[in-house]
Amino acid sequence: MDTVTHALLPVIVTAVALRDSRPEWLCGRGGLIVIGIAGALPDLLSPHLSIDSRLTSWSHGLPFWFLLSFLLLLLCLVIRHRWNWRLALASSAAYGLHLFCDAISGGINLLYPYRTLIWGDYWVPPMYWIPLDIVCVLTCYWMFRLKPLWQKRRKQKAAAHPQADDGKNR
């Protein structure tokens, strides 16, 4: 899959899981941005244009994911006031989701660089990757732009036109 889907899919999943609530640990939209970057991180750390280069990418294996998860949780201990464990876990999960998505769209080498253990296949063919990017962009636009705008307008309309008592309910 493309980097756009890898970045936006964990943001969509997080927003759906939170159901319109904005917990303090998310730090407003900043936390969603961090989660999106974590989802794209394997491709940002080791860009690749072919399946062969993905299979030999150190950022697309479980060893680096475990190391990154450990470092994110270590950050929670070092800078508690700026980084919390929920954001660390959500970022680690976004990275893991990237690995899973790559596994179902061609495969990954799970134990690279230590051993060769290739898992996955083209369960999501490349012809669907750009349409998935478009769906993710449109979903984020709806979730973070249109839906809040419609909710705001609905509240303003309800406040401006309270149900008038016209005497019919007597």
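The model shown is predicted, which means the values in this text are computed figures rather than measured ones. (Residues numbered from 1 in each chain as written. Predicted model: local features only at pLDDT ≥ 70, side-chain atom pairs only at ≥ 80, totals over all residues. Heavy atoms only, no water.)

Undergrad: Would you take a moment to explain the pattern of salt bridges for this structure?
TA: It is possible for side chains of opposite charge to pair when their charged atoms get near one another. Applying the stated criterion across every chain, the model contains one salt bridge. One salt bridge connects Asp 102 with Arg 54, and the closest N-O pair in it is separated by 3.9 Å. You can see Asp 102 sitting in helix 5 (residues 85-103) and its partner Arg 54 sitting in helix 3 (residues 51-55), a full 48 residues away along the chain. Of the two residues examined, Asp 102 and Arg 54, each falls in the buried class. (Salt bridge = Lys/Arg side-chain N within 4 Å of Asp/Glu carboxyl O. Helix = DSSP H or I, 4+ residues; strand = E, 2+ residues; numbered from the N terminus. Buried < 20%, exposed > 50% of the residue type's maximum accessible area, 1.4 Å probe, protein only.)

Undergrad: So what exactly am I meant to see when it comes to the side chain of Thr 14 here?
TA: In this fold, Thr 14 is placed in helix 1 (residues 3-18). Beyond its immediate chain neighbours, meaning those up to four positions away, Thr 14 contacts Leu 32 and Ile 35. (Contact = heavy atoms within 4.5 Å.)

Undergrad: I would appreciate a short explanation of the environment of Lys 157 in the present structure.
TA: Position of Lys 157 relative to the elements: it lies in helix 6 (residues 129-160). Here the alpha-carbon distance between Lys 157 and Asp 133, two residues 24 residues apart in the chain, equals 35 Å.

Undergrad: Which parts of the structure should I look at to understand the nonpolar core?
TA: Where a protein is soluble and globular, its nonpolar side chains tend to be buried together. If you look at the biggest cluster of nonpolar residues, it comprises 27 residues, and the most contacted ones within it are Trp 25, Leu 26, Ile 35, Trp 83 and Phe 144. Among the elements of the structure, helix 1, helix 2 (30-45), helix 4 (62-78), helix 5 and helix 6 are those that each provide at least two residues to this core. Among the elements that take part in this core, helix 5 stands out by supplying seven residues, more than any other. Once you skip the residues sitting within four places of it in the chain, Ile 35 turns out to touch Pro 10, Val 11, Thr 14, Leu 26, Leu 87, Ala 90, Ser 91 and Ala 94. Ranked by size, the runner-up nonpolar core spans five residues in total, among them Cys 101, Ile 104, Val 124 and Trp 129. (Core = buried A, V, L, I, M, F, W, Y, C linked by side-chain atoms within 4.5 Å.)

Undergrad: For this particular structure, what's the right way to read helix 4?
TA: An α-helix turns once per 3.6 residues; consequently, residues spaced three or four apart project the same way. Between its first and last C-alpha, helix 4 extends 24 Å over 17 residues, near the 24 Å set by a 1.5 Å rise per residue. Every buried residue of helix 4 is accounted for by Phe 64, Leu 68, Ser 69, Leu 72 and Cys 76. Viewed end-on, helix 4 has its buried residues packed into an arc of 140°, placing them on one side of the element. Among the exposed residues of helix 4, those oriented more than 90 degrees off its buried face are Phe 66, Phe 70, Leu 77 and Val 78. Residues of helix 4 that are buried sit in contact with helix 2 and helix 5. (Expected span 1.5 Å × (residues − 1). Arc of directions from axis to C-beta.)

Undergrad: Sorry if this is basic, but what is going on with the packing of aromatic side chains here?
TA: Within a pair of aromatic rings, the relevant descriptors are the distance that separates the centres and the angle that separates the planes. Counting across every chain of the model gives five aromatic pairs. Both rings, one in Trp 58 and one in Phe 64, keep their centres 4.9 Å apart while their planes meet at 80°; by these two values the pair is edge-to-face. Site record: aromatic cluster; members linked through ring pairs are Trp 58, Phe 64 and Tyr 95. (Phe/Tyr/Trp six-rings, centres within 6.5 Å; stacked < 30°, edge-to-face > 60°.)

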